[in-house]
Amino acid sequence: MVQVRVVGVALDPSQQHVILLKPVHDEPGEGRVLPVWIGAQEAMSILVAVEGTEVPRPLAHDLMTALLREVGTTVERVDVTRIAQGTFYAEITIATPGGIRVLDSRPSDAIALASRVKADIFVADDVMAEAGVPDEAVQVEEGDDEERVEEFRRFLDDVDPEDFER
């Protein structure tokens, strides 16, 4: 396993969100980056956590964090364990009053949770070897994350619960 950090959230050419994970000891422009495709909501949730943005109401991953805290459970680590037919798999290791437990998870949810509680994120060596790309092949524009967070804030300011009624 190699420990990674979130280096950004980007859009691929088809406008799909991608979370970019890079080994913690690699400098910019060296090594490999693991792109993991995720949904728009998960991308925003990860951005909010990474940027430390305050939201007026808890997002789903904020609720998960609060629930775990209330029951005396901590997130020990997150592991991206494998990739099969283009789908990434992850596990969340938690320490509960009853002992250590390992939960199956989508990588996007695991990373969003880890980003909130400052838990370490790891990627299996074979996943990085199979799906990682050279760092120089990935371009993350500076300020891109801040723009997306600001756009999300504007959305939250303007949204009305009645907008979701059918």
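Within every chain, residues take consecutive numbers counted from 1 along the sequence as written. Side-chain atom pairs in this predicted model are given and counted only at pLDDT of 80 or more, local residue features only at pLDDT of at least 70, and totals for whole chains, interfaces and linings cover all residues. Side-chain calculation: all heavy atoms of the structure are included, whereas hydrogens and water are not.

Draft legend 1. Here's a closer look at the environment of Val33. What counts as a helix is a DSSP run of H or I of at least four residues, what counts as a strand is a run of E of at least two, and both are numbered from the N terminus. Position of Val33 relative to the elements: it lies in strand S3 (residues 32–38). Per-residue accessibility, obtained with a 1.4 Å probe over protein chains only, is compared with the maximum for each type, and a residue is labelled buried under 20%, exposed over 50%, and partly exposed between these values. Given the relative accessible area of 3%, Val33 is considered buried. With 95 residues separating them in the primary sequence, Val33 and Met128 have C-alpha atoms 7.9 Å apart.

Draft legend 2. The arrangement of the packing of helix H1 (residues 40–51) against helix H3 (residues 107–117) in detail. To define axes, lines are fitted to C-alpha atoms, for helices over the stretch in contact only, and angles between the resulting N-to-C directions are given on a 0 to 180 degree scale. The contact between H1 and H3 brings their axes to 8 Å, and the two run at 15 degrees. Between H1 and H3, the crossing angle belongs to the class labelled roughly parallel. Crossing of H1 over H3 shows left-handed handedness. In this structure, H1 contributes Glu42, Ser45, Ile46, Val48, Ala49 and Val50 to the contact, and H3 contributes Ser108, Asp109, Ile111, Ala112, Ser115 and Arg116. Any residue that is not Ala, Val, Leu, Ile, Met, Phe, Trp, Tyr, Cys, Pro, Asp, Glu, Lys or Arg is counted as polar, Gly included; the first ten are nonpolar and the last four charged. Classifying every residue of the contact of H1 with H3 by side-chain character gives six nonpolar, three polar and three charged. Should an angle fall under 35 degrees it is taken as roughly parallel, and over 145 as roughly antiparallel, whereas 65 to 115 is taken as roughly perpendicular and any remaining angle as oblique. Helix crossings are classified by the rotation of the near helix relative to the far one: an anticlockwise turn of less than a right angle makes the crossing left-handed, while a clockwise turn makes it right-handed. Contacts are assigned to residue pairs with any non-hydrogen atoms lying within 4.5 Å of each other.

Draft legend 3. Fine view of the side chain of Ser108. Within the secondary structure layout, Ser108 lies in helix H3. On the basis of relative accessibility, which here comes to 7%, the residue Ser108 falls in the buried class. Sequence-distant contacts of Ser108, that is, excluding residues within four places in its chain, are made with Ile38, Glu42 and Ile46.

Draft legend 4. Examining H1 more closely. Taking 1.5 Å of rise per residue, the twelve residues of H1 would be expected to cover 16 Å, and the 16 Å separating its terminal C-alpha atoms lies within 8% of that figure. Just downstream of H1, Gly52 is the residue with a positive phi angle, here 70 degrees. Helices are assigned an expected span. That span is 1.5 Å times one less than the residue count.

Draft legend 5. Molecular detail of the pattern of salt bridges. Salt bridges are counted wherever a side-chain nitrogen of Lys or Arg sits within 4 Å of a carboxyl oxygen of Asp or Glu. The tally for this structure, following the rule as stated, stands at five salt bridges. The partner of Asp135 in a salt bridge is Lys22, with the nearest N and O atoms 2.6 Å apart. One end of the pair, Asp135, is in the loop between strand S8 (133–134) and helix H5 (144–158); the other, Lys22, is in strand S2 (residues 17–23), with 113 residues separating them in the sequence. For the residue pair Asp135 and Lys22, the accessibility class agrees, reading buried in each case. Bridged by salt links that share partners, the residues Glu42, Arg106 and Asp109 form one connected network.

Draft legend 6. Structural context of the sheet that holds S2. Reading across the sheet, the eight strands line up as S6-S5-S4-S7-S1-S2-S3-S8 and stay open at both edges, with mixed pairing between neighbours. Lying at the two open borders of the sheet, with one neighbouring strand each, are strand S6 (99–105) and S8. The pairing criterion for strands is at least two bridges between them, as found by DSSP. Bridging between S3 and S8 involves two bridges; their strand directions are antiparallel. Each bridged residue has a counterpart across the sheet, and for Val33 the counterpart in S8 is Val133. Across the sheet, H1 is in contact with strand S1 (2–11), S2 and S3; its angle to S1 comes to roughly 115 degrees. Running over the sheet, H3 touches S1, S2, S3, strand S4 (74–84), strand S5 (87–96), S6 and strand S7 (120–123) and is turned about 40 degrees from S5.

Draft legend 7. Spotlight on the pairing of S4. Pairing of S4 with S5, which is carried by nine bridges, proceeds in the antiparallel orientation. Following the sheet pairing, Val78 is matched in S5 by Ile92. Turn length for the S4-S5 hairpin, with the two strands adjacent in sequence and antiparallel, is two residues, and the turn residue Gln85 shows positive phi of about 50 degrees. Pairing of S4 with S7, which is carried by four bridges, proceeds in the parallel orientation. Looking at the pairing, Val80 lines up with Val123 of S7.

Draft legend 8. Just unusual backbone geometry, in detail. The phi dihedral of Gln15 falls on the positive side, at around 70 degrees, and the residue is not glycine. If you trace the backbone, Gln15 turns up in the loop between S1 and S2.

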